[in-house]
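Residues per chain, in single letters:
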Amino acid sequence: MDRVKDRSIIVSIVIPVYNEECYIEKCILSLLQQDYRKEQMEWIFIDGGSSDNTVLIIKKYMQKYPELIKLYDNPNKTVPYAMNIGIKSSVGKYIIRLDAHSEYSEDYISKCVYYLEKTDADNVGGVIETKGKGYVGNAIALMLSSKFGVGDSKFRTNGKSGYVDTVPFGAFRREVFTKYGLYNEKLTRNQDIELNYRIRKNGGKIYMAEDIKLKYYCRNRIKEIVAMAIKDGKWNVITMKLCPGAMGIRHFVPLTFLLSLIVLPLLSILIPSFIYLFLGEIILYSLLDIISSIKAAKDIKYIPLLFILFPIFHLSYGFGSLIGLAKKI
């Protein structure tokens with residue numbers, strides 16, 4: 001790419017992909033509908049060895065837009081390696097990390113650029129509307145959009161615009177990666193959180209704009225959300241060990257809850273009065289579960305499933321953190 005063309009590209013979009021054939025086309029179509037000029041963008045897909053039709057779908061669009069779309073291999077498979085490959089090969093003034101499991105509002109890119117230029121933030125992001133498919137998938141989406149489900153995660157629970165500790169994915173000034181470093185390749189998960197922590201720790205700022213919007217497609221089966229929760233819980237602890245300070249207190253609430261369900265009954269054997277504390281906790285959690293299920297449900301039919309999903313998700317998350325505690329780094 002010649003220098004003149006380099007200067008014309010304002011935005012480099014980096015998208016890690018792995019077996020995304022069910023979602024990648026919708027993602028690409030949403031990018032094609034962006035109101036930001038294609039001539040000022042490059043889209044960099046980094047494939048982690050997909051075994052489905054993901055690469056074929058991307059190549060189909062590469063034939064139509066050869067100057068816009070690039071595809072690289074990621075032999076290490078994980079997201080931080082993919083992001084670092086994309087960042088190193090990019091030429092844009094701004095670098096926007098996107099997710100293939102999502103669709104983006106038509107002004108997503110232009111709004112990211114607007115806030116990068118109008119604020120002093122090093123990283124800008126928006127809010128997620130979590131979507132599911134089918135009865136179970138829709139219930140999971142409602143759970144992941146509830147404060148009782150995911151805590152004070154503002155980008156998931158329609159938070160208001162302002163400076164925050166992290167955002168989904170992220171739109172960065174190029175110099176961020178020179179000043180604060182690239183993605184931590186040790187982190188299979190939480191690499192966005194750790195990078196944002198590093199930015200804030202060194203005096204940078206993260207800004208969330210409520211009018212930057214995307215749709216994220218969640219898991220649609222209970223066993224899938226359980227597997228995700230276990231992995232997330234485990235990697236929260238691993239991240240804490242590898243990068244002290246990167247994770248917030250909220251990330252360990254499920255672990256604390258699970259440990260209390262184990263420890264309080266054991267303590268009651270020695271001190272009988274602890275059984276009342278245990279029962280009180282169960283009653284309080286059940287009440288919060290009922291209230292939150294009613295509040296989160298957009299239709300009465302989702303209330304019974306949400307009532308079950310909340311504890312399944314929280315306990316799975318906590319169990320994953322227990323695994324993380326036992327894992328040697």
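(A) Fine view of the overall build of the protein. Scanning the protein for helices and strands turns up 13 helices and nine strands. Computed over C-alpha atoms, the radius of gyration of the protein comes to 21 Å, within 12% of the 20 Å expected from 2.2 N^0.38 for 329 residues, which places it in the range of a compact globule. Along the longest, intermediate and shortest principal axes, the C-alpha atoms of the protein span 75 × 45 × 40 Å. In the protein, buried positions account for 51% of the 329 residues. Sequence separation of 24 or more characterises 78% of the internal contacts of the protein that already satisfy a separation of 6 or more.

(B) Molecular detail of the pairing of strand β1 (residues 11-17). In terms of burial, β1 is largely enclosed, as seven of its seven residues are buried. Here β1 shows two buried faces, one formed by Val11, Ile13, Ile15 and Val17 and the other by Ser12, Val14 and Pro16. Pairing of β1 with strand β2 (residues 41-47), which is carried by seven bridges, proceeds in the parallel orientation. If you follow isoleucine 13 over to β2, its bridge partner there is tryptophan 43.

(C) Local environment of the pairing of strand β4 (residues 94-97). Burial of β4 is two-sided: the residues Tyr94 and Ile96 facing one way and the residues Ile95 and Arg97 facing the other way are all buried. Looking at chain direction, β1 and β4 are connected through four bridges and run parallel. Note on β4: the bridge partner recorded for valine 14 is arginine 97. Pairing analysis gives three bridges linking β4 to strand β8 (residues 171-173), with the strands arranged antiparallel. Counterpart to isoleucine 96 in the pairing with β8 is alanine 171.

(D) Structural context of the packing of aromatic side chains. Per the stated rule, a full pass over the model turns up 13 aromatic pairs. When the centroid spacing of 6.4 Å and the interplanar angle of 80° are considered together, the rings of phenylalanine 172 and tyrosine 183 count as edge-to-face. With phenylalanine 172 in strand β8 and tyrosine 183 in the loop between α8 (175-179) and α9 (191-201), this residue pair connects regions lying eleven residues apart in the sequence. Their ring planes at 25° and their centres at 6.2 Å tell us that phenylalanine 177 and tyrosine 183 sit as a pair that is stacked. The rings of Tyr114, Tyr115, Tyr163 and Tyr207 are connected pair by pair, giving a single aromatic cluster. The aromatic ring of tyrosine 217 is capped on one face by lysine 133, whose charged end is 5.9 Å from the ring centroid. Between lysine 205 and the ring centre of tyrosine 163, over which it is positioned, the NZ or CZ distance is 5.2 Å.

(E) Examining the environment of aspartate 165 more closely. One can find aspartate 165 in the loop between β7 (162-163) and β8. Residue class for aspartate 165 comes out partly exposed when judged on its relative accessible area of 33%. Separated by 32 residues in sequence, aspartate 165 and tyrosine 197 place their C-alpha atoms 7.1 Å apart. Aspartate 165 has contacts with Asn196, Arg200, Ile206 and Arg250, leaving out every residue within four places of it along the chain.

(F) The arrangement of the nonpolar core in detail. Judged by nonpolar contacts, the single largest core of 83 residues is most densely connected at Ile13 and Trp43. It is strand β9 (residues 206-217) that provides the largest number of residues to this core, a total of seven residues. Isoleucine 13 has contacts with Leu31, Met41, Glu42, Trp43, Ile44, Ile96, Leu98 and Ile109, leaving out every residue within four places of it along the chain. In this structure, Trp235, Ile238, Cys243 and Ala246 belong to the second largest nonpolar core, which totals six residues.

(G) Here's a closer look at a nonpolar patch on the surface. A cluster of nonpolar side chains, Leu259, Ile262, Val263, Leu266, Ile269, Leu270 and Ile271, forms an exposed patch at the surface whose accessible area comes to about 660 Å². The residue leucine 266 is located in helix α11 (residues 253-270) in this model. We classify leucine 266 as exposed; its relative accessible area is 52%.

(H) Representation of the packing of α11 against helix α12 (residues 274-296) in the model. Remark: α11 packs on α12, axes separated minimally by 7 Å, with the N-to-C direction vectors making an angle of 150°. Taken together, the axes of α11 and α12 are roughly antiparallel relative to one another. Between α11 and α12 lies a crossing of left-handed hand. Here Phe257, Ser260, Leu261, Leu264, Pro265, Leu267 and Ser268 of α11 lie close against α12, whose contacting residues are Phe274, Ile275, Leu277, Phe278, Glu281, Ile282 and Tyr285. Looking at the contact of α11 with α12 residue by residue, the class counts come to eleven nonpolar, two polar and one charged.

Criteria and cut-off values
- Residues numbered from 1 in each chain as written.
- Predicted model: local features only at pLDDT ≥ 70, side-chain atom pairs only at ≥ 80, totals over all residues.
- Heavy atoms only, no water.
- Helix = DSSP H or I, 4+ residues; strand = E, 2+ residues; numbered from the N terminus.
- Rg over C-alpha atoms; globule rule 2.2 N^0.38 Å.
- Buried < 20%, exposed > 50% of the residue type's maximum accessible area, 1.4 Å probe, protein only.
- Contact = heavy atoms within 4.5 Å.
- Pairing = 2+ DSSP bridges.
- Phe/Tyr/Trp six-rings, centres within 6.5 Å; stacked < 30°, edge-to-face > 60°.
- Lys NZ or Arg CZ within 6 Å of the ring centre and 35° of its normal.
- Core = buried A, V, L, I, M, F, W, Y, C linked by side-chain atoms within 4.5 Å.
- Patch = residues over 30% accessible without salt bridge, like charges linked within 9 Å, V, L, I, M, F, W, Y side chains within 5 Å.
- Areas by Shrake-Rupley, 256 points an atom, 1.4 Å probe, with all protein chains shown as cover.
- Salt bridge = Lys/Arg side-chain N within 4 Å of Asp/Glu carboxyl O.
- Axes fitted to C-alpha atoms, helices over the stretch in contact; angles between N-to-C directions.
- Parallel < 35°, antiparallel > 145°, perpendicular 65-115°, else oblique.
- Left-handed = near helix turned anticlockwise from the far one by under 90°.
- Nonpolar A, V, L, I, M, F, W, Y, C, P; charged D, E, K, R; others polar.

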